[in-house]
Amino acid sequence: MTTAAGGENYPDPVGTSEVVSYDVDRVWTIPNALSFLRLLGVPLVVWLILGPRADGWAVAVLVVAGFTDWLDGYLARAWNQRSRVGQLLDPVADRLYILAIIGSLAVRGIIPWWLVIVLAARDVMITLLVPLLRTRGYAALPVHFLGKAATFCLLYAFPLVLLGAADGTASLMARVVGWAFALWGTGLYWWAGILYVRQTVDLLRTERVAA
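For the structure given in this document, a descriptive report is provided here. (Residues numbered from 1 in each chain as written. Predicted model: local features only at pLDDT ≥ 70, side-chain atom pairs only at ≥ 80, totals over all residues. Heavy atoms only, no water.)

### Quick notes on the overall build of the chain
Convention followed: Only DSSP runs of H or I with at least four residues qualify as helices, and only runs of E with at least two residues qualify as strands; both kinds are numbered from the N terminus onward. Whether a residue is buried, partly exposed or exposed follows from its accessible area with a 1.4 Å probe, protein chains only, as a fraction of its type maximum: under 20%, in between, or over 50%, in that order. We call two residues in contact whenever any of their non-hydrogen atoms come within 4.5 Å of each other.
Looking only at helices and strands, one finds six helices and two strands in the chain. Counting from the amino terminus, the chain carries its helices and strands in the arrangement β-β-α-α-α-α-α-α. The proportion of buried residues among the 211 residues of the chain is 43%. Within the chain, contacts between residues at least 6 apart in sequence are counted, and of these 74% link residues at least 24 apart.

### With respect to the packing of aromatic side chains
The condition that has to hold: Side-chain rings of Phe, Tyr and Trp (the six-membered ring for Trp) are treated as a pair once their centres are within 6.5 Å; stacked means planes under 30 degrees apart, edge-to-face means over 60, and tilted covers the remaining angles.
Taken as a whole, this structure holds four aromatic pairs when the rule is applied. Considering the side-chain rings of Trp28 and Phe36, the 5.2 Å spacing of their centres and the 40° angle between planes classify their relative orientation as tilted. Ring centres 5.3 Å apart and planes at 15° place the aromatic pair Trp70 and Tyr74 in the stacked group. Here the residue Trp70 and the residue Tyr74 both occupy positions in helix 2 (residues 55–78), the gap between them amounting to four residues, near one helical turn.

### So, the pattern of salt bridges
Worth spelling out the cut-off: Salt bridges are defined as contacts in which a side-chain nitrogen from Lys or Arg sits within 4 Å of a carboxyl oxygen from Asp or Glu.
Tallied over the entire structure, the rule returns seven salt bridges. Note that Arg95 and Asp123 form a salt bridge whose closest N and O atoms lie 3.8 Å from each other. Residue Arg95 is found in helix 3 (residues 84–107), and its partner Asp123 is found in helix 4 (residues 113–134); the two are separated by 28 residues along the sequence. Using a relative accessible area of 25% as the deciding quantity, one classes Arg95 as partly exposed. For Arg122, the salt bridge goes to Asp123, with nearest N and O atoms at 3.4 Å. Take Arg122: its relative accessible area is 2%, and that puts it in the buried class.

### Some details on the side chain of Thr151
Rule in force here: Residues adjacent in sequence count toward polar contacts only when both atoms are side-chain atoms; beyond that, a polar contact is any pair of N or O atoms within 3.5 Å, and within protein one must be able to donate a hydrogen and the other to accept it.
Here Thr151 shows up in helix 5 (residues 145–163). From its side chain, Thr151 meets the backbone oxygen of Gly147 in a polar contact 2.9 Å long. The contact partners of Thr151, leaving out residues within four places of it in the chain, are Asp94, Ile98 and Tyr189.

### Focus: helix 1 (residues 30–50)
Note the cut-off: Expected helix span is taken as 1.5 Å per residue step, with the number of steps being one fewer than the number of residues.
For helix 1, with 21 residues, the first-to-last C-alpha span of 31 Å sits near the 30 Å given by 1.5 Å per residue. Listed in full, the buried residues belonging to helix 1 are Pro31, Asn32, Leu34, Ser35, Arg38, Gly41, Val42, Val45, Leu48 and Ile49.

### Describing a nonpolar patch on the surface
We count it as follows: Patches here are clusters of residues that have more than 30% relative accessible area and form no salt bridge, with a 9 Å joining cutoff for like charges and a 5 Å cutoff for nonpolar side chains (Val, Leu, Ile, Met, Phe, Trp, Tyr). Here, Shrake-Rupley sampling with a 1.4 Å probe gives the accessible areas, and only protein chains in the shown set may cover a residue.
A cluster of nonpolar side chains, Leu50, Val107 and Trp113, forms an exposed patch at the surface whose accessible area comes to about 300 Å². Within the secondary structure layout, Leu50 lies in helix 1.

### Quick notes on the packing of helix 2 against helix 3
What counts, and what does not: Fitted lines through C-alpha atoms serve as axes, helices being fitted only where they are in contact, and the angles separating the N-to-C directions of these axes extend from 0 to 180 degrees. By definition in this entry, angles of less than 35 degrees are roughly parallel, angles greater than 145 are roughly antiparallel, angles of 65 to 115 are roughly perpendicular, and the rest are oblique. By definition, turning the near helix anticlockwise from the far helix through less than a right angle yields a left-handed crossing, and turning it clockwise yields a right-handed one. Each residue is assigned to one of three groups, with Ala, Val, Leu, Ile, Met, Phe, Trp, Tyr, Cys and Pro labelled nonpolar, Asp, Glu, Lys and Arg labelled charged, and all others, Gly among them, labelled polar.
In contact at an axis separation of 11 Å, helix 2 and helix 3 are set at 165° when each is read in the N-to-C sense. The pairing of helix 2 with helix 3 is recorded here as roughly antiparallel in orientation. The element helix 2 and its partner helix 3 pack so that their crossing is left-handed. Seen from helix 2, the contacting residues are Leu62, Ala65, Asp69 and Asp72; seen from helix 3, they are Asp90, Asp94, Tyr97 and Ile101. In terms of residue class, the contact of helix 2 with helix 3 is built from four nonpolar, no polar and four charged.

### Brief notes about the environment of Pro159
Structurally, the position occupied by Pro159 is in helix 5. The class of Pro159 is buried, set by a relative accessible area of 9%. Between the C-alpha atom of Pro159 and that of Ile101, which follows or precedes it by 58 residues, the distance is 8.1 Å. Excluding anything up to four places from it in sequence, Pro159 contacts Val59, Leu62 and Leu154.

### Some details on the packing of helix 5 against helix 6 (residues 169–206)
Interhelical geometry of helix 5 versus helix 6 gives an angle of 155° and a closest axis separation of 7 Å. Accordingly, the angle class assigned to the pair helix 5 and helix 6 is roughly antiparallel. Where helix 5 crosses over helix 6, the handedness of that crossing is left-handed. Counted by class, the contact of helix 5 with helix 6 contains 21 nonpolar, six polar and one charged residues.

Written as structure tokens, this is what we have:
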């Protein structure tokens, strides 16, 4: 069991790379407020890409979202405001951004639909693990380092692919680098997903059913 600074105890998942610990059990903290703010940017990015096709502004919103992603984690650790809500919001926001971007780019014909299906299938697989985890008293597994690396690659890849849709040498370079990140990120994304499946199987074998 892990005892958080706020007095909350949570069991540590078996085989995960991080210990689950929470400093507070509040919803409204400054780090969580930044996470909620980041979520509001998802529909804005979709509208910018599909509506006025303001690709530069869409990338700017993504840059701000990436900064707040780093900032909320930094503040949560620095101010001892890590929470269960924050632990859940971060990966949800990252996945929504990835799905929103790839869906919008596919609608515009910038990326193929098979790539959307491959990435979405991985998230469906992870979602199907949740009911199994709940039988052992867990809402989710902590984010693995490999999962963070994959998300990092994808969140940087598709803004570059978007900028690469224009003409010119700079756009060509953005497209090449963006697709390199996209292919590596997709591979890492699935590798991390397989690790989560293995961790879930280990957890089901070693933990008793929650009362």
